[in-house]
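# Notes for the structure review
So you can see what is in the structure, the chains are spelled out below.
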Amino acid sequence: MQPKIEILADKSALVERGLTLVIEAIRQAIAERGYCTLALAGGSTPKPLYEALAKQDLPWDKLYIFWGDERYVSVDHPDSNAGMAKTAWLDRVAIPPEQIFIVPTEAAEPGIAAEQYEATLVDCFKALDSSADNPAGPRIDIVLLGMGDDGHTASLFPGTAALKVSDRWVTVGYKANDPRITVTAPLINRSRTVIFLVAGANKQGALSQVLAETGEDFSYPARLIRPDGDLIWLLDQAAGAVVNNS
């Protein structure tokens, strides 16, 4: 499917539009299946979106929360994606704690943590729909993603081994020598809705490559994201200027 690209006036407008889309997707998923699964992004752009979600009146007991990637730090570390989302949103609403699935970064090895998180994903989706014997794997309702100025998304960094993983749902990604746990492109591409939140003029160079009709996927990993469902790019004016000028 062709991506939908929306250019908003500024970051505040981007967050407001993201809030509308996420709420719509949550309500649609619950109406269709009785629950909604979300994979969250880290970084500064999603934080105000999470803060806005915390103020909404939603059926919190129907939500199941995962993360697209996580730095290999404890939840109370300032760099933790889970810690940020908990403070901004999850600790402020009545989502049952057992429906919030934090990456187990206390594992001795990142590879073990990746295996554990993949097992958690698979087990959760089997429990949610035990009648659906789906060997193709989990299908997350909403995946939120950011994009770095190098074109990475989640912890899928340019030229790294994680980009070539096709037989796993979760793997270890590396930024230099820094290990991170990340979902793989095949898992993201099974999602019903993928929403990129991208702000800042520094993203223009990567965006021009990622949104081009042809290009090098392993140099700009966000190009690998081609979901079965909807793909929506929300850009602020600073980032989206490259689209206007193309």
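Just above sits the structure.
My aim in this report is to walk through the structure given alongside it, one point at a time. Given the structure is predicted, the values throughout are model-derived calculations rather than measurements.

What counts as what
- Residues numbered from 1 in each chain as written.
- Predicted model: local features only at pLDDT ≥ 70, side-chain atom pairs only at ≥ 80, totals over all residues.
- Heavy atoms only, no water.
- Helix = DSSP H or I, 4+ residues; strand = E, 2+ residues; numbered from the N terminus.
- Rg over C-alpha atoms; globule rule 2.2 N^0.38 Å.
- Buried < 20%, exposed > 50% of the residue type's maximum accessible area, 1.4 Å probe, protein only.
- Areas by Shrake-Rupley, 256 points an atom, 1.4 Å probe, with all protein chains shown as cover.
- Lys, Arg positive; Asp, Glu negative; His and termini not counted.
- Charge placed at Lys NZ, Arg CZ, Asp CG, Glu CD.
- Pairing = 2+ DSSP bridges.
- Axes fitted to C-alpha atoms, helices over the stretch in contact; angles between N-to-C directions.
- Contact = heavy atoms within 4.5 Å.
- Salt bridge = Lys/Arg side-chain N within 4 Å of Asp/Glu carboxyl O.
- Nonpolar A, V, L, I, M, F, W, Y, C, P; charged D, E, K, R; others polar.
- 1 Å grid on protein atoms, 1.4 Å probe; cavity = no way out; pocket = protein on both sides within 12 Å on 5 of 7 lines; lining within 4 Å.
- Points joined across faces, edges and corners; volume = space filled by probe spheres on them.
- Polar contact = N/O pair within 3.5 Å; in protein donor to acceptor, adjacent residues only side chain to side chain.

Attention now moves to the overall build of the protein. The helix and strand inventory of the protein stands at seven helices and nine strands. Taken over the C-alpha trace, the protein has a radius of gyration of 17 Å; the compact-globule value for 246 residues is 18 Å, and the two agree within 12%. Of all 246 residues assigned to the protein, the portion counted as buried reaches 54%. Carbon and sulfur atoms provide 47% of the accessible area of the protein, an area that totals close to 11000 Å². Where the 22 positive side-chain charges of the protein centre and where its 32 negative ones centre are 2 Å apart.

With that settled, the discussion passes to the sheet that holds strand E7 (residues 178-183). With antiparallel pairing, three strands are arranged side by side in an open sheet as E4-E7-E6. Each having just a single partner strand, strand E4 (69-71) and strand E6 (170-175) make up the two edges of the open sheet. Neighbouring strand axes in the sheet, compared pairwise and without regard to direction, differ in orientation by 30° on average. Where E4 and E7 come together, three bridges link them in antiparallel fashion.

Sheet architecture is open: six strands sit in the order E1-E9-E8-E5-E2-E3, paired in parallel fashion. In this open sheet, the two edge strands, each paired with only one partner strand, are strand E1 (4-8) and strand E3 (63-67). Strand-to-strand twist in this sheet, taken as the mean axis angle between neighbours without regard to direction, amounts to 20°. Pairing between E1 and strand E9 (residues 230-236): five bridges, direction parallel. The partner of Lys4 across the bridge, within E9, is Ile232. Contacts between helix H1 (residues 11-33) and the sheet are confined to E1, strand E2 (36-40), E3, strand E5 (142-145), strand E8 (193-198) and E9, with E9 contributing the most and set at about 160° to the helix. In the packing of helix H4 (residues 110-128) onto the sheet, the strands contacted are E2 and E3, and the crossing angle to E3 comes to about 160°.

Looking now at the pattern of salt bridges. Scanning the model with the defined rule gives ten salt bridges in all. Two residues, Arg168 and Glu118, come together in a salt bridge whose shortest N-O distance is 3.0 Å. Residue Arg168 is found in the loop between E5 and E6, and its partner Glu118 is found in helix H4; the two are separated by 50 residues along the sequence. Taking relative accessible area as the criterion, Glu118 reaches 15% and is therefore assigned buried. Asp217 is the salt-bridge partner of Arg223, the closest N and O atoms lying 3.0 Å from each other. Taken together, the salt bridges that share partners define one network made up of Glu32, Arg33, Asp141 and Arg192.

Two packed helices can be described by the angle between their axes and the distance between those axes. Relative orientation of the contacting elements helix H2 (residues 46-53) and helix H3 (residues 81-88) amounts to 35°, with a least axis distance of 8 Å. Only Met84, Ala85 and Ala88 of H3 make contact with H2, whose side of the interface consists of Lys47, Tyr50 and Glu51. Across the contact of H2 with H3, the residue classes break down as four nonpolar, no polar and two charged.

Our next topic: the layout of surface pockets. Each pocket or cavity is described by its volume, and for the largest pocket that value is around 490 Å³. Counting only elements with at least two residues in the lining of the largest pocket, the list comes to E4 and E5.

Tracing the chain through its elements places Gln99 in the loop between H3 and H4. Classification of Gln99 as buried rests on a relative accessible area of 10%. Looking at Gln99, its side chain comes within polar contact range of the main-chain oxygen of Asp61, at 3.0 Å. Those residues in contact with Gln99 that lie beyond four places of it in its chain are Trp60, Asp61, Lys62, Leu63, Tyr64 and Ile65.

Just geometry here; none of it tells us what the structure is for.
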